[in-house]
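Coordinates in review
Here's the letter readout for the chains.
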Amino acid sequence: MTTEAGSTAAAADDVKQRDEYFDALVAAGECVEPRDWLPDGYRRMVLRQIAQHAHSEIIGMQPEGSWLTRAPSLHRKAALLAKVQDEAGHGLYLYAAAETLGVTRAELLDALHNGHQRSSDTFNQPALTWADTGAIAWLTDGAAVINQAPLCRTSYGPYARAMQRVCQEETFHVRQGYDLLWSLCRGTREQQEMAQDAVDRWWLPAVALMFGPPDTVEGGDGDTRAAALGAAVSRRSMAWGIKRHTNDELRQRFIDNVVPQAERLGVTLPDPAIRWNEERGHYDFTPVTWQVYRTAVAAGAQCGRQRLAHRVAAHEAGAWVRAAADAYAARPVTERQEP
Amino acid sequence: MTSELPTATPGAPAGTRNHDIAEYALRLGDDALILCQRLCAWVTNAPTIEEDLALSNIALDLLGHARVLLGLSGRSDGTNRSDDEFAYRRTEREFRNTLLVELPSGDFAATIARQLAYTHYTSLLYAELAASADEGLASFASRAAKEAEYHCMHASQWTVRLGLGTEESHRRMQAGLEHVWPYAAELFEADDLTTRLDTDGTAVAPARLRADWEREVTRVLTEAGLTVPAPSWEATGGRSGIHTEAFAPLLAEFQSVFRQYPGGNW
Ligand SMILES: [Fe+2]
Ligand SMILES: [Fe+2]
């Protein structure tokens, strides 16, 4: 009896030591690798984030992908093809990073398809016109760059390395989106209207949904309970070095970036509260409260169901192809000399 | 062949070498452009993310080929039309692509069957055209040949995988082949123009490519345990602008935004 109790105590001690060692490691800014011991909570949090990120890359291909066949110039068609192809590549890097945590891509896709995991709500908006492809790239990829730049130094090594590849390409997407809108804004009146309308519709998905709910008490703006909860999750994630900044901090950084760009483009951002605040050295804007956030999520619910249905339909239609590839790969090597 | 209305290449007088080159580049360019359009529709609908990526990558290469060839056509015919003008300002009857590339894609097997037919043709053609007496065609082809070879490998590997994979994939792949094979013939159609260009070393007589093509695809199909189709008819019409009914909707979609915003700046 005594020995058992003793070894339990020793084991608990062990776990405590490992936890402390791990926390100290990430606090020192070190990267952890798949072979390292990881606390369960950390593993779950990282996996959740990478999986959601991977799902967002492939679901995010849909709104722009639907315009590939209608791009109004061959140059834009080529740029859009290259972009959508990049996003597929991002999905692949990120699924591979997630797989280092002991899950398979098939399991992750199943979790997406059956609703256990989600993609970002940002893409749950219809891409109604050609200008949407520009607004999506400028605003949502622009928000992604702000979100992701710090993730290149996130504490989980495989995720950080995936993000380093992703980030370079995202920066290029933002520039292409801006350039696309630039052309529209210097085109006919109808084109200018199309550009403005797309910016109006993609503004909130970028500002609210790309950065997530408020996670500082100030950001909560009245809804203190939800804000406190969000802040606690964010603090945990930052203590582990998964996140490096709060959602609200990153949101401010995005606003500060994008306001002067909008002025140069000649589009109006649909937030009358945007104003330079000399004292803070930042642009003020309408705070994204929990109320604003929840409303934005709810507005996309039906489109989100359609995005998922599109994804599931493609996956199911391709089941026989994947089965064939698996069956072929299982054949003895001598029987599968590639032509 | 007298149904050459309306003239696709109005600038250079008919029968001159420049006119011939313009028309020839237009045929090849339209093939690449329209197949690109069909592949675009696969993106986000492919069986795996790798295939979303591969098919969009191939579509992007084809678009690159089309842009060079259409630009070449515009320079040769004296109109100096840009690639965009060819793509967005022509009507159905002015397109010179084969019916093969405009066919609705069908399932993944039919898509691969078409890729197999087209890419074996282009990899043989571009390898030969790299030695063309026309500098523009030669420099285009020497660059495009490598990409065509990669596209060809992609199609061949999938053909084998599907042929030897499961019973269902074998059945679908064979059905895809039977569906597209009558249309492959048009790639090898000869007329006065190809004869003239072959004689002066500018182009390759399609008949010369056909034997090599048949040998190559037969090798792949045999490897894949599939039967080489023996179609009872051969498609024709695309090179003179007589398309299938599927073509007008394809083109309407392609040009929709451009035509909706006259005078637009893109
Ligand atoms: Fe991405
Ligand atoms: Fe992107």
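Described below are features of the structure shown in this document. (Residues numbered from 1 in each chain as written. Chains lettered and ligands numbered in written order. Predicted model: local features only at pLDDT ≥ 70, side-chain atom pairs only at ≥ 80, totals over all residues. Heavy atoms only, no water.)

Here we take up the overall build of chain B. The number of helices and strands found in chain B is 10 helices and 0 strands. Walking chain B from its N terminus toward its C terminus, one meets helices and strands in the order α-α-α-α-α-α-α-α-α-α. Relative to the compact-globule value of 18 Å for 266 residues, chain B shows a C-alpha radius of gyration of 18 Å, a close match. The C-alpha extent of chain B, read off along each of the three principal axes, is 55 × 45 × 35 Å. Long-range pairs, those at least 24 residues apart, make up 80% of the contacts in chain B between residues at least 6 apart in sequence. A total accessible area of about 10000 Å² is found for chain B, and carbon and sulfur atoms account for 52% of it. Between the averaged position of the 23 positive side-chain charges in chain B and that of its 38 negative side-chain charges there is a distance of 2 Å. (Helix = DSSP H or I, 4+ residues; strand = E, 2+ residues; numbered from the N terminus. Rg over C-alpha atoms; globule rule 2.2 N^0.38 Å. Contact = heavy atoms within 4.5 Å. Areas by Shrake-Rupley, 256 points an atom, 1.4 Å probe, with all protein chains shown as cover. Lys, Arg positive; Asp, Glu negative; His and termini not counted. Charge placed at Lys NZ, Arg CZ, Asp CG, Glu CD.)

Now for the overall build of chain A. When you go through chain A residue by residue, the secondary structure sums to 14 helices and 2 strands. Whereas a compact globule of 339 residues would reach a radius of gyration of roughly 20 Å, chain A reaches 23 Å, a difference of no more than 12%. Referenced to the eigenvectors of the C-alpha coordinate spread, the extents of chain A come out at roughly 85 × 70 × 30 Å. Counting the 339 residues in chain A, one finds 54% classified as buried. When the accessible surface of chain A is summed, it comes to about 15400 Å², and 54% of that surface belongs to carbon and sulfur atoms. The centroid of the 36 positive side-chain charges in chain A is displaced by 3 Å from the centroid of its 43 negative side-chain charges. (Buried < 20%, exposed > 50% of the residue type's maximum accessible area, 1.4 Å probe, protein only.)

What follows is about the packing of helix α7 (residues 157-185) of chain A against helix α11 (residues 247-265) of chain A. Residue and element names in this part refer to chain A. At a closest axis distance of 10 Å, the pairing of α7 and α11 adopts a crossing angle of 30°. Contact residues: Tyr 178, Leu 181, Trp 182 and Cys 185 in α7; Gln 261, Arg 264 and Leu 265 in α11. Looking at side-chain class alone, the contact of α7 with α11 contains 5 nonpolar, 1 polar and 1 charged residues. (Axes fitted to C-alpha atoms, helices over the stretch in contact; angles between N-to-C directions. Nonpolar A, V, L, I, M, F, W, Y, C, P; charged D, E, K, R; others polar.)

Attention now goes to the coordination of the iron ion (ligand 2). Around the iron ion (ligand 2), the donor atoms from the protein are Glu87(A) (OE), Asp141(A) (OD), Glu170(A) (OE) and His173(A) (ND1), and they sit 1.9 to 2.3 Å away. Considering all 4 donor atoms around the iron ion (ligand 2), angles at the metal cover 88 to 157° and the coordination shape is irregular. (Donors = N, O, S within 2.8 Å, 3.2 Å for Na, K, Ca; no water. Tetrahedral: all angles 85-135°; square planar, octahedral: opposite > 155°, others 65-115°.)

The gaps left among the atoms become clear once a water-sized probe is rolled over them. Residue and element names in this part refer to chain B. Within the structure shown, the criterion is met by 2 cavities of 30 Å³ or more. Tallied by class, residues from the lining of the largest cavity come to 2 nonpolar, 2 polar and 2 charged. Surrounding the second largest cavity, Leu 103, Pro 104, Ser 105, Ala 110, Arg 114, His 179 and Val 180 form its lining. Every element with two or more residues in the lining of the second largest cavity is listed here: α5 (108-129) and α7 (167-184). Considering only residue class, the lining of the second largest cavity consists of 4 nonpolar, 2 polar and 1 charged. (1 Å grid on protein atoms, 1.4 Å probe; cavity = no way out; pocket = protein on both sides within 12 Å on 5 of 7 lines; lining within 4 Å. Points joined across faces, edges and corners; volume = space filled by probe spheres on them.)

With that settled, consider the packing of aromatic side chains. In the structure shown here, the tally under the stated rule is 21 aromatic pairs over all chains. Each ring, one from Trp276(A) and one from Tyr283(A), has its centre 4.9 Å from the other, and the planes form 70°; the classification is edge-to-face. Look at Trp276(A) and you get partly exposed, because its relative accessible area is 42%. A residue is classified by how much of its surface remains accessible, and Tyr283(A), at 14% relative accessible area, is buried. In this structure an aromatic cluster arises from ring pairing among Tyr118(B), Tyr121(B), Trp181(B), Phe188(B) and Trp213(B). One residue, Lys77(A), lies across the ring of Phe254(B), its end atom 4.0 Å from the ring centre. (Phe/Tyr/Trp six-rings, centres within 6.5 Å; stacked < 30°, edge-to-face > 60°. Lys NZ or Arg CZ within 6 Å of the ring centre and 35° of its normal.)

Moving on to the side chain of Asp132(A). Residue and element names in this part refer to chain A. Structurally, the position occupied by Asp 132 is in helix α6 (residues 130-148). Classification of Asp 132 as buried rests on a relative accessible area of 0%. Reaching out from Asp 132, the side chain makes a polar contact with the backbone nitrogen of Leu 128 at a distance of 3.0 Å. Within polar-contact distance, the side chain of Asp 132 engages the side chain of Arg 201 at 2.7 Å. (Polar contact = N/O pair within 3.5 Å; in protein donor to acceptor, adjacent residues only side chain to side chain.)

At the interface, 54 residues of chain B touch 49 residues of chain A. For the chain B and chain A pair, buried surface summed over both sides reaches about 4400 Å², with 68% attributable to carbon and sulfur atoms. Contact with chain A buries area across many residues of chain B, yet Thr44(B), Ile49(B) and Trp266(B) alone supply 17% of it, more than any other trio. Between chain B and chain A we count 1 salt bridge in total. For Glu50(B), the salt bridge identified is with Arg105(A), shortest N-O distance 2.5 Å. Our count for the chain B to chain A interface comes out at 15 residue pairs in polar contact (both at pLDDT 80 or more). Counting only elements with at least two residues in the side of chain B that touches chain A, the list comes to α1 (17-40), α2 (49-76), α3 (83-89), α5, α6 (135-164), α7, α9 (206-223) and α10 (247-260) of chain B. Broken down by element, the side of chain B that touches chain A gets its largest block of residues, 10 residues, from α2(B). (Buried area = accessible area lost by both parts, 1.4 Å probe. Salt bridge = Lys/Arg side-chain N within 4 Å of Asp/Glu carboxyl O.)

So, on to the coordination of the iron ion (ligand 1). All names here are of chain A. Taken together, Glu 57 (OE), Glu 87 (OE), His 90 (ND1) and Glu 170 (OE) make up the full set of protein donors to the iron ion (ligand 1), lying 2.0 to 2.2 Å away. Here the iron ion (ligand 1) and the iron ion (ligand 2) are spaced 3.4 Å apart, linked through Glu 87, which binds each one. You can see Glu 57 sitting in helix α2 (residues 40-59) and its partner Glu 170 sitting in helix α7, a full 113 residues away along the chain.

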